[in-house]
Amino acid sequence: MLLFANIQPLFKGSSDLLNNLNKFTTTHRLFKKLVWAMRTLCLPYLSSFLLQFLAFISLFVINFKNMNLQTSGKKLILIVDDDPLIQDTLENSLTTYNYNTLVANDGIEAIALYAQYRLEISVVLVDMMMPSLDGATTIRVLKAMNTQTSIVAMSGLSLYEINHFLNGINVDDFLIKPFTIQELLQVLQAIFTLKPGRF
């Protein structure tokens, strides 16, 4: 874990923290542009291993509120959506109903968080239309990392269009936006009922 050892000194001393976070933010923006260019120009040639490697790098520049998570026995839901309003609504609603949450702004962040918390994450909620890495590609990589990953696809698209984007990739359920928190809770409960041994 030499990489972690090299990163840690950046966070020593509160006076340097803001500068380091700004550097990370700038790096992250450049990193996302690079990923977008790679995905646009050569997506058919990108292996899931390469995407996981890129996500591992991205792990150091994602939202810091997700770090050092304490699950306290609650089920952990990974929310993957680029809309801040949807992120906040889902996070607040799930927290109210005694779930813990992680939030990823796009597919790359989702893969990074899943790599770190894969043993704790119960379900991944994935928006289908996102920058940097779309929902279908994100789901494909998550499934490559763990075929048993429980995934719910979210979209304003029709079920037909979602199925077209997924192109045969299995997900546990779909949620058509806008949906209510009760609909989400019912979907989650159905997953936990069908796969009791995993949670």
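This text goes with the structure placed above it.
Our subject in this report is the structure included herewith. (Residues numbered from 1 in each chain as written. Predicted model: local features only at pLDDT ≥ 70, side-chain atom pairs only at ≥ 80, totals over all residues. Heavy atoms only, no water.)

Regarding its fold elements, the protein presents 8 helices and 5 strands. If you list the helices and strands of the protein from N to C, you get α-α-α-β-α-β-α-β-α-β-α-β-α. When the 199 residues of the protein are sorted by exposure, 44% land in the buried category. Accessible surface for the protein amounts to roughly 10,800 Å². Of this, 58% is attributable to carbon and sulfur atoms. (Helix = DSSP H or I, 4+ residues; strand = E, 2+ residues; numbered from the N terminus. Buried < 20%, exposed > 50% of the residue type's maximum accessible area, 1.4 Å probe, protein only. Areas by Shrake-Rupley, 256 points an atom, 1.4 Å probe, with all protein chains shown as cover.)

On to the packing of helix α5 (residues 107-117) against helix α6 (residues 135-145). Orientation of α5 relative to α6, taken along the N-to-C sense of each, is 15°, at an axis distance of 10 Å. Relative to α6, α5 is oriented roughly parallel. Handedness of the crossing formed by α5 with α6: right-handed. Each of Gly-107, Ala-110, Ile-111, Tyr-114 and Ala-115 in α5 lies in contact with α6, whose residues at this interface are Thr-138, Val-141, Leu-142 and Met-145. Looking at the contact of α5 with α6 residue by residue, the class counts come to 7 nonpolar, 2 polar and no charged. (Axes fitted to C-alpha atoms, helices over the stretch in contact; angles between N-to-C directions. Parallel < 35°, antiparallel > 145°, perpendicular 65-115°, else oblique. Left-handed = near helix turned anticlockwise from the far one by under 90°. Contact = heavy atoms within 4.5 Å. Nonpolar A, V, L, I, M, F, W, Y, C, P; charged D, E, K, R; others polar.)

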